[in-house]
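# Structure at a glance
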Amino acid sequence: ILGLGFQMGAPKLQLTLAKSIGGVSAILTLNECHRIVNAYRSTYFKIRNGWAKCQSILEDMAAGRTGSYKCISWEKETLWLPNGMCLKYPGLKAAINEETGWTEFTYLAKEVRSKIYGGLLCENIIQALARIVVMYQMLEINKKYRAVMTTHDEVVALAKAKDAEKCFQF
């Protein structure tokens, strides 16, 4: 469901499900994967609307237009986060895919052109915002208990054994 939330299509869903994860895999037809993708997108239409918003942000950034939406703002090749950090997409440009007729965006990542699209920009924004939240949580935790590491969306703190439950609840 996470991949579908970031605009995964039916062919990628089929490949992802076929990979063995913990010894479990699922072999589905491409038609069944299309049905699942369409069901997800019609059920979670607000997420789909978010991809469209992110696609329009890409259009603006590629064209050098500035804008803002809720807690983020953007300018040419740069998306600004509420804490002043930014996501950079150097060399961001649009091109028409000859096969599909769709506009596709690419940017330079370590001197190699990488694709970016609404769902992927959405994922980047969500991960960056989550990092900001976890960072501030870690700073608060560290005032009371020693924060020793983070893993994705969790903070690991070191507490004396007698304070373990209090630390966990905090």
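First, a word on what this report is: a plain description of the structure on this page.

Turning our attention to the pattern of salt bridges. Across all of its chains, the model carries 5 salt bridges by this definition. A salt bridge links Lys162 to Asp163, with the shortest nitrogen-to-oxygen separation between them at 3.6 Å. For Lys162, a relative accessible area of 70% corresponds to the exposed category.

Now for the environment of Met61. One can find Met61 in helix α4 (residues 45-63). Taking the relative accessible area as the measure of exposure, Met61 reaches 0% and is therefore buried. Note: C-alpha distance between Met61 and Tyr89 (28 residues apart in sequence) is 8.6 Å. If we ignore the near neighbours within four places in the chain, the residues touching Met61 are Trp74, Glu75, Lys76, Glu77, Thr78, Leu79, Tyr89, Leu92 and Leu121.

What follows is about the packing of helix α3 (residues 30-43) against α4. Direction vectors running N to C along α3 and α4 enclose 90°, while the axes themselves pass 5 Å from each other. The pairing of α3 with α4 is recorded here as roughly perpendicular in orientation. Contacts between α3 and α4 pair Tyr40, Arg41, Ser42 and Thr43 from the former with Phe45, Ile47, Arg48 and Trp51 from the latter. Grouping the amino acids of the contact of α3 with α4 by side-chain chemistry returns 4 nonpolar, 2 polar and 2 charged.

So, on to α3. Given 3.6 residues to a turn, an α-helix orients residues that are three or four positions apart in the same direction. Between its first and last C-alpha atoms α3 spans 20 Å; for 14 residues at 1.5 Å apiece the expected length is 20 Å, and the two agree. Buried within α3 we find Cys33, Val37 and Tyr40. One side of α3 holds all its buried residues, which, seen down the axis, span an arc of 65°. Looking at the buried positions of α3, the neighbouring elements they touch are α1 (2-5), α2 (10-18) and α4.

What follows covers the sheet that holds strand β2 (residues 72-75). In spatial order, the strands read β1-β2-β3-β4; together these 4 strands make up an open sheet with antiparallel pairing. Because the sheet does not close on itself, it has two edges, and the strands there are β1 (67-69) and β4 (86-88). Here the average twist between neighbouring strands, direction ignored, is 20°. The pairing of strand β3 (residues 78-80) with β4 spans 3 bridges and is antiparallel. Note that in β4 the partner of Thr78 across the bridge is Lys88. Here α4 sits on the sheet in contact with β1, β2 and β3, set at roughly 35° to β2.

The next subject is a nonpolar patch on the surface. A surface patch of nonpolar side chains, about 320 Å² in accessible area, is lined by Val148, Met149, Val156 and Leu158. Broken down by secondary-structure element, the contributors of at least two residues to the nonpolar patch are β8 (146-151) and β9 (154-158). Inspection of the secondary structure assignment puts Leu158 in strand β9.

About the criteria used
- Residues numbered from 1 in each chain as written.
- Predicted model: local features only at pLDDT ≥ 70, side-chain atom pairs only at ≥ 80, totals over all residues.
- Heavy atoms only, no water.
- Salt bridge = Lys/Arg side-chain N within 4 Å of Asp/Glu carboxyl O.
- Buried < 20%, exposed > 50% of the residue type's maximum accessible area, 1.4 Å probe, protein only.
- Helix = DSSP H or I, 4+ residues; strand = E, 2+ residues; numbered from the N terminus.
- Contact = heavy atoms within 4.5 Å.
- Axes fitted to C-alpha atoms, helices over the stretch in contact; angles between N-to-C directions.
- Parallel < 35°, antiparallel > 145°, perpendicular 65-115°, else oblique.
- Nonpolar A, V, L, I, M, F, W, Y, C, P; charged D, E, K, R; others polar.
- Expected span 1.5 Å × (residues − 1).
- Arc of directions from axis to C-beta.
- Pairing = 2+ DSSP bridges.
- Patch = residues over 30% accessible without salt bridge, like charges linked within 9 Å, V, L, I, M, F, W, Y side chains within 5 Å.
- Areas by Shrake-Rupley, 256 points an atom, 1.4 Å probe, with all protein chains shown as cover.

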